[in-house]
Amino acid sequence: MRWARGFGAGVAGGIAVTAVLFAYRFATGMPTLMEALAERMIRVLPIQVFALVLARLQHLAKPLGFVMAIIATILGFGIGGAAYAWATRRSRRPRVVLGGLAALITWVFLTFVFLPVIEGGFLGAPLTTVVSAPLLPMAIASLVYGLLVASLCGPRAGDSRAGDRLRTPGRRGLVERGGRYRSDPASPFRRTALERLGRRDLLRRSAIVALAAAAGTQAAAWAGAAGMRLAAAAGAAFRIIKGMPPEVTPNGEFYQISKNFFDPTVDVAKWSLEVKGLVAKPLKLSYTEFTKVAPPVERYRTFECISNEVGGDLIGTAKWKGVRVRDLLAAAEVKPGATTIIWRAVDGFSESIPLAIAMDPESLLAYEMNGEPIPQKHGAPVRVLLLNRYGMKQPKWLTSIEVASHDYTGYWEQQGWSKEATVKTNSAFRVETKEGGALLLGGWAFAGNRGISKVEISADGGRTWFPAAVKEALGENCWQLWSGEWKPPAPGSYTLKVRAADGKGALQPADPKPTLPDGGQGYHSVTVRVNG
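Now for a description of the structure that goes with this document. Worth saying up front: this structure is predicted, and the values here are computed from it rather than measured. (Residues numbered from 1 in each chain as written. Predicted model: local features only at pLDDT ≥ 70, side-chain atom pairs only at ≥ 80, totals over all residues. Heavy atoms only, no water.)

Concerning the environment of glutamate 472
Inference 1: For glutamate 472, the location among the structural elements is in the loop between strand E16 (466-470) and strand E17 (480-486).
Inference 2: Under the relative-accessibility criterion, glutamate 472 is labelled exposed at 67%.
Inference 3: For glutamate 472 and tryptophan 482, which are ten residues apart along the polypeptide, the C-alpha to C-alpha distance reads 9.3 Å.
Inference 4: Setting aside anything within four residues of it in sequence, one finds glutamate 472 in contact with Glu247 and Gln480. (Helix = DSSP H or I, 4+ residues; strand = E, 2+ residues; numbered from the N terminus. Buried < 20%, exposed > 50% of the residue type's maximum accessible area, 1.4 Å probe, protein only. Contact = heavy atoms within 4.5 Å.)

What follows is the structure in structure tokens.
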């Protein structure tokens, strides 16, 4: 059926469009239509559904959402191809003309209808993923789509209209029927010409589809190249137990989470940090100026993602170097009446904290991580460091600090996450290894800047607990490694649990809760099998 041919042509065109937009994206850095659609799809999900998906898929949630957006886009172009086939079913215009009209309609729809609808506030809060200059990439993609669909939807070699268009000087191969000349199906001339046309069309269309499919495969590989490695192998630790994480996480193994499908790459030479709003002296500092605006300080700090599941690996510690936020604000001279600091990042992310937190001497703007410039994926050239807050409150790729007198709702808060995002006391197993008749246990515990006063382990479902040895923290707001030894009373299967108490003696919450809205909680447990 013609509409089915049109749908297939539209799908092939959609794959080609995907390849074109991704090529443009990697050449210019501008987000694609698919990225904007993926963010909108995530935002329109009910918060309960979003929490369920995040809990079940964890690291796979974001790449899967992106792949679904690509598939939805390609299917949409397939529907467009079917509509084209229906609209042109009786047309005798040249295919290049029909393809040009299809390209024009596609360009107008994508640029002036579809993108504004999904990016704007019509479906909710405006997106942070914005296709800032869509005219050129949409024009190129639409032209490729229109011409490809027109080519693949053209009449087949065996269609009667294709035969009617064959004409030669004279009337060879034509017979007179009812006073009018018709092509003779048995004519060697007609059969040979049609065979040549069929072979040319077949080869041309096969090449186009093959190229589009190859480009689409490459684009899918780019889209799917998102993932995270687990915690580091053994290093110097409190108790040398093979498998415990290093106390300081190497940069390449530090967890990485962001809202983006493709994180920005910031040109440090062109980067600047702006301090504006309720300040007497607005600032705009280059990277060199920023690093010299105030005396540097160095701190060990642990970061934990608010979406880290109980016992999860979205946590790590590094040594950071930066300047105090309050020193920067002092240089800008904050005006009376200011109450809020609004962070804005290169990728459109925004977040806020009370001015009082920004003025804490331990609130930093870091530019080095473990003795080297912060890597791009961890927020180069500058990111925020705060005490006792999950990572969502500490933006990467910082580009603007606004001093305001009003409250502000940040990106993740708009999705239903906690506004305060205070770190909950939590702990985890990281190693269980046998040594003689004992089981050596090790892991980490973290409670923000409250510190850890004790870690306890249970081997009987929480009825009784025995203490673990806790290593002193590297600094304020750092995780603490722990180790313990347990001797099984008899062979069998045992479920071990771990819990921690913060520096004030308050135990971590025992009742399990999901990460949304204010971080996961509950006791981490592992099952071990002890043989006789």
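A short note on the sheet that holds strand E19 (residues 524-530)
Inference 1: In spatial order, the strands read E13-E14-E17-E16-E15-E18-E19; together these seven strands make up an open sheet with antiparallel pairing. Among the strands making up the open sheet, the edge pair consists of strand E13 (426-435) and E19. Strand-to-strand, the axes of this sheet are offset by a mean angle of 30°, without reference to chain direction.
Inference 2: Summarising the sheet, strand E15 (residues 452-458) and strand E18 (residues 492-502) pair through six bridges and their orientation is antiparallel. Directly across from serine 458, in E18, lies its bridge partner lysine 497. (Pairing = 2+ DSSP bridges. Axes fitted to C-alpha atoms, helices over the stretch in contact; angles between N-to-C directions.)

What about the pattern of salt bridges?
Pairing is possible between side chains that carry opposite charge, provided their charged atoms lie close to one another.
Inference 1: For the coordinates displayed, the defined rule picks out 15 salt bridges.
Inference 2: Between glutamate 413 and lysine 393 there is a salt bridge, with its nearest N and O atoms 3.0 Å apart. Within this pair, whereas glutamate 413 is found in helix H12 (residues 411-414), its partner lysine 393 is found in the loop between strand E11 (383-385) and strand E12 (398-404), the two being separated by 20 residues in sequence.
Inference 3: In this structure glutamate 413 comes out as buried when scored by relative accessible area, which is 10%.
Inference 4: For the salt bridge of arginine 450 with aspartate 502, the shortest nitrogen-to-oxygen distance reads 3.3 Å. With arginine 450 in the loop between strand E14 (438-446) and E15 and aspartate 502 in strand E18, this pair connects stretches of sequence that are 52 residues apart.
Inference 5: For aspartate 502, a relative accessible area of 6% corresponds to the buried category.
Inference 6: If you follow the salt bridges from partner to partner, you end up with Glu351, Lys393, Asp407, Glu413 and Lys419 in one network. (Salt bridge = Lys/Arg side-chain N within 4 Å of Asp/Glu carboxyl O.)

Some points on the packing of aromatic side chains
Inference 1: Summed over all chains, the structure comprises 22 aromatic pairs.
Inference 2: Here phenylalanine 66 and phenylalanine 262 contribute two aromatic rings whose centre-to-centre distance is 5.5 Å and whose plane-to-plane angle is 80°, an arrangement assigned as edge-to-face. One end of the pair, phenylalanine 66, is in helix H4 (residues 61-87); the other, phenylalanine 262, is in the loop between helix H8 (188-224) and strand E3 (272-277), and 196 residues separate them in sequence. Neither phenylalanine 66 nor phenylalanine 262 differs from the other in exposure class; each is buried.
Inference 3: Pairing phenylalanine 254 with tyrosine 255 gives two aromatic rings, centres 5.6 Å apart and planes at 20°, and the pair type is stacked.
Inference 4: For phenylalanine 254, a relative accessible area of 5% corresponds to the buried category.
Inference 5: Three or more aromatic residues joined by ring pairs form one cluster here, namely Phe22, Phe26, Phe66, Phe261 and Phe262.
Inference 6: Taking NZ or CZ as reference, arginine 89 lies 4.4 Å from the ring centre of tryptophan 86, over its face.
Inference 7: We note lysine 259 situated over the ring of tyrosine 411; from NZ or CZ to the ring centre the distance is 5.7 Å. (Phe/Tyr/Trp six-rings, centres within 6.5 Å; stacked < 30°, edge-to-face > 60°. Lys NZ or Arg CZ within 6 Å of the ring centre and 35° of its normal.)

A few points about the pairing of E14
Inference 1: Burial within E14 is extensive, with nine of its nine residues counted as buried.
Inference 2: Residue alternation in E14 divides its side chains into two sets, Ala438, Leu440, Gly442, Trp444 and Phe446 and Leu439, Leu441, Gly443 and Ala445, and both sets are buried.
Inference 3: In terms of strand pairing, E13 meets E14 through nine bridges, oriented antiparallel. Its bridge partner being in E14, valine 431 is matched across the sheet by glycine 442.
Inference 4: Between E13 and the antiparallel strand that follows it, E14, lie two residues; glycine 436 among them carries a positive phi value of about 65°.
Inference 5: In this sheet, E17 lies alongside E14 in antiparallel orientation, the contact comprising seven bridges. What sits directly across from glycine 442, in E17, is serine 483.

As for the nonpolar core
Inference 1: Residues Leu21, Leu33, Phe66 and Tyr84 are the most contacted members of the largest nonpolar core, which totals 36 residues.
Inference 2: Contributions of two or more residues to this core are made by helix H1 (2-28), helix H2 (33-44), H4, helix H5 (95-119) and helix H6 (135-152).
Inference 3: If you look at the next biggest cluster of nonpolar residues, it comprises 30 residues, including Ala294, Val325, Leu355 and Leu365. (Core = buried A, V, L, I, M, F, W, Y, C linked by side-chain atoms within 4.5 Å.)

Quick notes on the packing of H2 against H4
Inference 1: Remark: H2 packs on H4, axes separated minimally by 8 Å, with the N-to-C direction vectors making an angle of 115°. When the axes of H2 and H4 are compared, the crossing they make is right-handed. Side by side, H2 and H4 meet where Leu33, Met34, Glu35, Leu37, Ala38 and Met41 of the first sit next to Gly65, Phe66, Met68, Ala69, Ile70, Ala72 and Thr73 of the second.
Inference 2: A class-by-class count of the residues in the contact of H2 with H4 yields ten nonpolar, two polar and one charged. (Left-handed = near helix turned anticlockwise from the far one by under 90°. Nonpolar A, V, L, I, M, F, W, Y, C, P; charged D, E, K, R; others polar.)

With respect to the sheet that holds strand E7 (residues 340-345)
Inference 1: If you walk across this open sheet you meet the five strands as E4-E3-E12-E7-E8, and the pairing is mixed. Each having just a single partner strand, strand E4 (283-286) and strand E8 (350-354) make up the two edges of the open sheet. Averaged over neighbouring strand pairs, the angle between their axes works out to 15° when direction is ignored.
Inference 2: Where E7 and E12 come together, six bridges link them in antiparallel fashion. Opposite arginine 344, over in E12, you have serine 400 as the bridge partner.

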